[in-house]
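So you can see what is in the structure, the chains are spelled out below.
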Amino acid sequence: MTRFPLPPNATIGLVGGGQLGRMSALAAARLGYRCHILTRETDSPAAQVSHGVTISDYSDPVSLRAFADGVDVISFEFENVSAEGLDLLASIRPVRPSPSVLRISQDRVEEKTFLNGAGVATAPWARVESRGELDEAVRRLGLPAVLKTTRLGYDGKGQATLRAVEDLDGAWDRLDPKPLVLEGFVDFAQEISVVVARGEDGDLSCFDTVENRHRDHILDLTLAPARISQAADQAARAIGCRVAEALDVVGLLAVEMFIDSGGNVLVNEIAPRPHNSGHWTIDACPASQFELHIRAIAGLALPPATRHSDAVMKNLIGPEGMALWPAALAEPGLIPHLYGKAAALPGRKMGHVTRLFPRGGLPGDFGVDAALAVLGG
Ligand SMILES: Nc1ncnc2c1ncn2[C@@H]1O[C@H](COP(=O)(O)OP(=O)(O)O)[C@@H](O)[C@H]1O
Ligand SMILES: [Mg+2]
């Protein structure tokens, strides 16, 4: 029987071996917990810094059972565990956040249905099961639009922007698995996100709203705090808290949002785990998103999600990102983070760099560019 709050030296099971698991495990270690990682990879970023590892497919019942038996509580940095796998894990140990939360966030149709049902605005969307339904959805939502797989998409994989009717056939053939979801294109002024932690007794700690800039559909920069109106900031935080409560999350929830040209805040997608746009909190906050994640799943009290500094976070991606690593190490004032991945494949998140500014001192765009100048454009 697991008792909460977890006592020191308890073992937290984390499903997924990537950088989010690595940084979660580092935060757990500081709080006196051990982590045991379940991953398919033999040399994973998370297992390199953890107490134990089970290397297995996420669907093998024997491995899932052995993994669950060896830990006190189970959480995730990777959400795409099968429903049966989740049920098996939850039958053995507490799973936080609960499988029902993961089932919603795994599937864009479930997610949007849930959000709209909770009174949260999204881009207009339609579920698309067949080529005929795609034509119908395009007639209804217009072009441009974004066609996405409902499951397994990340870093822009599993989606296509449709600009003209000629784009429909190719996108329909390429995107897999079906069904798909069509979203109206949001001509956004800014992309923002909020990371909120929710404890077992329902208390909430919400980090400042941040602004995200993508390059090739992959997060490139996060600016903390977002330079947005007070109204948009309040709307974003309120949405983050409302979604966390509606989902009954115990753990962390990241909410990606658009601010459209009319100043409306629309939710793009949610993730019930630490998020790339929250990495700045390691260096700019007394307690990072990873610490809040661990505290929430361990049943500890949540400190307020305050920041002592403003920050810019830049991802180091693929071979180009690794080429910047010596400069990231050498430049005074840059705080370097590397994830321990062996191969710098194109598009792969290898590490990140944070630059802090005095609270209230986040510069404008030219100043941000200047602060990261050694890392190129
Ligand atoms: N409906 C949309 N309108 C405009 N841009 C979009 C839309 N959906 C996605 N994008 C762009 O593509 C990026 C990745 O899409 P997202 O749905 O967040 O998928 P992923 O799971 O790959 O992060 C977004 O951050 C945004 O820049
Ligand atoms: Mg996204």
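Undergrad: Which residues make up the overall build of the protein chain, and what are the values?
TA: Across its full length, the protein chain carries 13 helices and 17 strands. Here the protein chain has a C-alpha radius of gyration of 20 Å; the compact-globule value for 377 residues is 21 Å, and the two agree. Here the C-alpha coordinates of the protein chain stretch approximately 55 × 50 × 40 Å along the principal axes. For the protein chain, restricting intrachain contacts to residue pairs at least 6 apart in sequence, the fraction spanning at least 24 positions comes to 63%. When the accessible area of the protein chain is evaluated, it comes to approximately 15,300 Å², of which 52% is carbon and sulfur surface. Seen as two clouds, the 36 positive and the 46 negative side-chain charges of the protein chain have centres 3 Å apart.

Undergrad: Could you give me a rundown of the coordination of the magnesium ion (ligand 2), with the residues and numbers involved?
TA: Each donor-metal-donor angle would ideally measure 109.5 degrees in four-coordinate tetrahedral geometry, or 90 or 180 degrees in six-coordinate octahedral geometry. At the metal site, the magnesium ion (ligand 2) is ligated by Glu 256 (OE), Glu 256 (OE) and Glu 269 (OE), and these contacts range over 2.0 to 2.7 Å. Taken together, the positions of Glu 256 in strand S13 (residues 251-260) and Glu 269 in strand S14 (residues 265-271) put the pair 13 residues apart, joining distant regions of the chain.

Undergrad: I'd love a proper account of the site of ligand 1, names of residues and values included.
TA: The environment of ligand 1 is made up of 20 residues, and the closest members are Lys 148, Gly 156, Glu 191, Asn 268 and Glu 269. One of the side-chain N or O atoms of Glu 256 is found 3.0 Å from an oxygen atom in ligand 1. When ligand 1 is considered free in solution it has 540 Å² of accessible area, and contact with the protein chains removes 92% of it. Of all the secondary structure elements, the ones that give two or more residues to the shell around ligand 1 are strand S6 (145-149), strand S8 (180-184), strand S9 (188-198), S13 and S14. The residue makeup of the shell around ligand 1, split by class, is six nonpolar, seven polar and seven charged. Both of domain 2 (124-184) and domain 3 (188-375) provide at least three residues apiece to the shell around ligand 1.

Undergrad: Tell me about the packing of helix H1 (residues 19-30) against helix H10 (residues 289-298), and please be specific about residues and values.
TA: In the contact formed by H1 and H10, the axes pass within 8 Å of each other and the chain directions differ by 70°. Relative to H10, the element H1 is oriented roughly perpendicular. Handedness of the crossing formed by H1 with H10: right-handed. Where H1 abuts H10, its residues Leu 20, Met 23, Ser 24, Ala 27, Ala 28 and Arg 30 lie against Phe 290, Glu 291, His 293 and Ile 294.

Undergrad: Could you give an account of the sheet that holds strand S1 (residues 11-15), naming the residues involved and the relevant values?
TA: The strands that make up a sheet are held in pairs by hydrogen bonds between backbone atoms, and each pair lies either parallel or antiparallel. Strand order across the open sheet formed by four strands is S3-S2-S1-S4, with parallel pairing between neighbours. Either end of the sheet is taken by a strand with one partner, and the two such strands are strand S3 (52-55) and strand S4 (73-76). Across the sheet, the mean angle from the axis of one strand to that of its neighbour is 25°, orientation sign disregarded. For S1 and S4, the ladder comprises four bridges, and the chain directions are parallel. The residue bridging Leu 14 from the neighbouring strand is Ser 75, located in S4. The sheet strands contacting H10 are S1 and S4, and the helix crosses S4 at an angle near 145°.

Undergrad: Please provide a residue-by-residue account of the nonpolar core, values included.
TA: Counting 25 residues, the largest nonpolar core has Ile 239, Val 243, Leu 247, Leu 253, Met 257, Val 267 and Ile 270 as its most contacted members. Among the elements that make up this core, the one with the highest residue count is helix H8 (residues 230-247) (seven residues).

Undergrad: Can you tell me about unusual backbone geometry, naming the residues and giving the values?
TA: Residue Pro 5 follows Phe 4 across a cis peptide bond; omega there is -5°. With a phi close to 50°, Asp 216 is a non-glycine residue in the positive phi region. Counting through the fold element by element, Asp 216 comes out in the loop between strand S11 (210-215) and strand S12 (218-224). Since its relative accessible area comes to 65%, Asp 216 is described here as exposed.

Undergrad: Before we move on, can you summarise helix H6 (residues 131-141) with the specific residues and values?
TA: Along H6, the positions that sit buried rather than exposed are Leu 134, Ala 137, Val 138 and Leu 141. Along H6, the residues classed as buried sweep out an arc of 100° about the axis, all on the same side. Facing away from the buried surface of H6 by more than 90 degrees, the exposed residues are Arg 139 and Arg 140. Where H6 is buried, its residues touch strand S5 (125-128), S6, strand S7 (159-162), helix H7 (167-174) and S8.

Undergrad: How would you explain the sheet that holds S6 if you had to name every residue and give the values?
TA: Taken in spatial order, the four strands make up an open sheet running S5-S8-S6-S7, and their pairing is antiparallel. Here the strands that pair on one side only, and so sit at the sheet edges, are S5 and S7. The sheet shows a mean angle of 20° between the axes of neighbouring strands, direction not considered. Where S6 and S7 come together, four bridges link them in antiparallel fashion. Within S7, the position partnered with Lys 148 by the bridge is Gln 159. Its contacts with the sheet place helix H5 (residues 108-117) against S5, S6, S7 and S8, and it is angled at close to 145° to S5.

Undergrad: Any chance you could break down the environment of Leu 221 for me, citing the residues and the numbers?
TA: With respect to the helices, strands and loops of the structure, Leu 221 is situated in strand S12. For the pair Leu 221 and Ala 46, spaced 175 residues apart in sequence, the C-alpha to C-alpha distance is 23 Å. Other than its neighbours up to four places away in sequence, Leu 221 contacts Glu 211, Asn 212, Arg 213, Val 312, Met 313, Lys 314, Val 368 and Leu 372.

Undergrad: Can you tell me about the packing of H6 against H7, naming the residues and giving the values?
TA: Two elements in contact, H6 and H7, have axes whose closest approach is 11 Å; the angle formed by their N-to-C orientations is 130°. Here H6 lies oblique to H7, going by the angle between them. The two elements H6 and H7 meet at a crossing, and its hand is right-handed. From H6, Arg 131, Leu 134, Asp 135 and Val 138 reach across to H7, where they touch Leu 168, Asp 169 and Trp 172. Residues that form the contact of H6 with H7 fall into these classes: four nonpolar, no polar and three charged.

Conventions used here
Residues numbered from 1 in each chain as written. Chains lettered and ligands numbered in written order. Predicted model: local features only at pLDDT ≥ 70, side-chain atom pairs only at ≥ 80, totals over all residues. Heavy atoms only, no water. Helix = DSSP H or I, 4+ residues; strand = E, 2+ residues; numbered from the N terminus. Rg over C-alpha atoms; globule rule 2.2 N^0.38 Å. Contact = heavy atoms within 4.5 Å. Areas by Shrake-Rupley, 256 points an atom, 1.4 Å probe, with all protein chains shown as cover. Lys, Arg positive; Asp, Glu negative; His and termini not counted. Charge placed at Lys NZ, Arg CZ, Asp CG, Glu CD. Donors = N, O, S within 2.8 Å, 3.2 Å for Na, K, Ca; no water. Near = heavy atom within 4 Å. Polar contact = N/O pair within 3.5 Å; in protein donor to acceptor, adjacent residues only side chain to side chain. Nonpolar A, V, L, I, M, F, W, Y, C, P; charged D, E, K, R; others polar. Domains from an automatic or database assignment. Axes fitted to C-alpha atoms, helices over the stretch in contact; angles between N-to-C directions. Parallel < 35°, antiparallel > 145°, perpendicular 65-115°, else oblique. Left-handed = near helix turned anticlockwise from the far one by under 90°. Pairing = 2+ DSSP bridges. Core = buried A, V, L, I, M, F, W, Y, C linked by side-chain atoms within 4.5 Å. Buried < 20%, exposed > 50% of the residue type's maximum accessible area, 1.4 Å probe, protein only. Arc of directions from axis to C-beta.

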